[in-house]
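These are the residues of each chain, in order.
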Amino acid sequence: MDVRKAAASDIEAIVDLAERNRKKIQKFQPTFWRKHAESAAMTRLFFTRLLSEPGTFFLVAAEGVQFLGFLIARKFPAPPVFDPGGDTYLIDDFCVIEPHYWLTIGEALLSHASTLIHEHGAAQILVTCADRDLAKTEVLRRSELTIASSWWTKPLK
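Before we go on, may I ask you to explain the packing of helix α3 (residues 102-119) against helix α4 (residues 134-142) in this structure?
The packing of two helices is summarised by the inter-axis angle and the distance between the axes. Where α3 contacts α4, the two axes come as close as 10 Å, and the packing angle between them is 50°. The angle between α3 and α4 places the two elements in the oblique class. In terms of crossing hand, the pair formed by α3 and α4 is right-handed. The segment α3 lies against α4, with Trp102, Leu103, Gly106, Glu107 and Leu110 engaging Ala135, Lys136, Glu138, Val139, Leu140 and Arg142.

How should helix α2 (residues 39-50) be read in this particular structure?
Helical geometry: 3.6 residues make up each α-helical turn, so side chains three or four residues apart lie on a common side. Along its 12 residues, α2 runs 16 Å from first to last C-alpha, staying within 8% of the 16 Å computed at 1.5 Å per residue. For α2, the complete set of buried residues consists of Ser39, Thr43, Phe47 and Leu50. Down the axis of α2, the buried set is contained in an arc of 55°. They therefore lie on one face. Residues of α2 that are buried in the fold lie against α1 (11-28), β2 (56-63), β3 (66-76) and β4 (88-96).

Would you mind going over the pattern of salt bridges with me for this structure?
Close approach of charged atoms allows side chains with opposite charge to pair. This model, assessed by the stated rule, comprises nine salt bridges. Its salt-bridge partner being Glu12, residue Arg44 comes within 2.7 Å of it at the nearest N-O pair. Separated by 32 residues along the polypeptide, Arg44 in helix α2 and Glu12 in helix α1 bring together distant segments of the chain. On the basis of relative accessibility, which here comes to 29%, the residue Arg44 falls in the partly exposed class. By relative accessible area, Glu12 is classed as partly exposed at 40%. The salt bridge involving Arg22 is made with Glu19; its shortest N-O contact spans 2.7 Å. One end of the pair, Arg22, and the other, Glu19, are both in helix α1, three residues apart, so they sit about a helical turn from each other. Take Glu19: its relative accessible area is 12%, and that puts it in the buried class. The network of salt bridges with shared partners includes Glu19, Arg22 and Lys35.

Explanation requested: the packing of aromatic side chains in the structure shown.
Any aromatic ring pair is given by two values, namely how distant the centres are and how the planes are angled relative to each other. Summed over all chains, the structure comprises seven aromatic pairs. Where Phe47 meets Phe58, the ring centres are 5.7 Å apart and the plane angle is 80°; that geometry is what we call edge-to-face. In this pair, Phe47 sits in helix α2 while Phe58 sits in strand β2, placing the two residues 11 residues apart along the sequence. Just as Phe47 is buried, Phe58 falls in that class too. A centroid spacing of 4.8 Å and a plane angle of 90° characterise the contact between Phe94 and Trp102, whose relative ring orientation is edge-to-face. In this structure, Phe94 and Trp102 share a single accessibility class: buried.

Looking at this model, I keep getting lost on unusual backbone geometry. Mind explaining?
Peptide bonds are, in most cases, trans, and in most cases residues other than glycine have a negative phi. Phi is positive for Glu144, which is not a glycine, with a value near 70°. The residue Glu144 is located in the segment after α4 in this model. Given the relative accessible area of 73%, Glu144 is considered exposed.

Rules used throughout
- Residues numbered from 1 in each chain as written.
- Predicted model: local features only at pLDDT ≥ 70, side-chain atom pairs only at ≥ 80, totals over all residues.
- Heavy atoms only, no water.
- Axes fitted to C-alpha atoms, helices over the stretch in contact; angles between N-to-C directions.
- Helix = DSSP H or I, 4+ residues; strand = E, 2+ residues; numbered from the N terminus.
- Parallel < 35°, antiparallel > 145°, perpendicular 65-115°, else oblique.
- Left-handed = near helix turned anticlockwise from the far one by under 90°.
- Contact = heavy atoms within 4.5 Å.
- Expected span 1.5 Å × (residues − 1).
- Buried < 20%, exposed > 50% of the residue type's maximum accessible area, 1.4 Å probe, protein only.
- Arc of directions from axis to C-beta.
- Salt bridge = Lys/Arg side-chain N within 4 Å of Asp/Glu carboxyl O.
- Phe/Tyr/Trp six-rings, centres within 6.5 Å; stacked < 30°, edge-to-face > 60°.

These results come straight from atomic positions and should not be treated as a statement about function.
Structure follows, in structure tokens:
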């Protein structure tokens with residue numbers, strides 16, 4: 001397996017995986033995670049822009065020609081009342097092709113990104129994870145991440 005910087009030729013596979021993930025997490029919280037009808041087109045444009053955005057680490061995992069997962073880490077400002085001691089990177093887009101790949105592919109992507117981010121002097125990473133995404137949660141725990149905050153939601157319709 002190879003973890004490398006994403007390329008323009010990876011975008012379609014990344015968008016497809018992101019869309020599959022959106023359909024999955026939408027089942028967990030149908031209002032909060034409701035997939036927009038145009039999400040694939042919006043994602044394609046956004047991810048293409050991120051390929052060259054400074055302060056962003058956009059990684060893919062592949063084995064030969066098989067695409068296995070991706071991770072995007074972007075510099076994220078800490079609230080002004082907190083001082084984590086350096087930059088924070090938010091890992092919001094982070095997916096693997098099948099849940100059983102979290103403990104291998106997911107861990108490899110997270111480890112690689114953490115090393116790159118640390119080498120750039122950052123103090124911490126933040127990783128988003130849907131509450132009921134148990135396989136992803138397990139790799140975060142095994143990678144020694146801890147829960148810093150929870151978002152609680154209630155649909156008002």
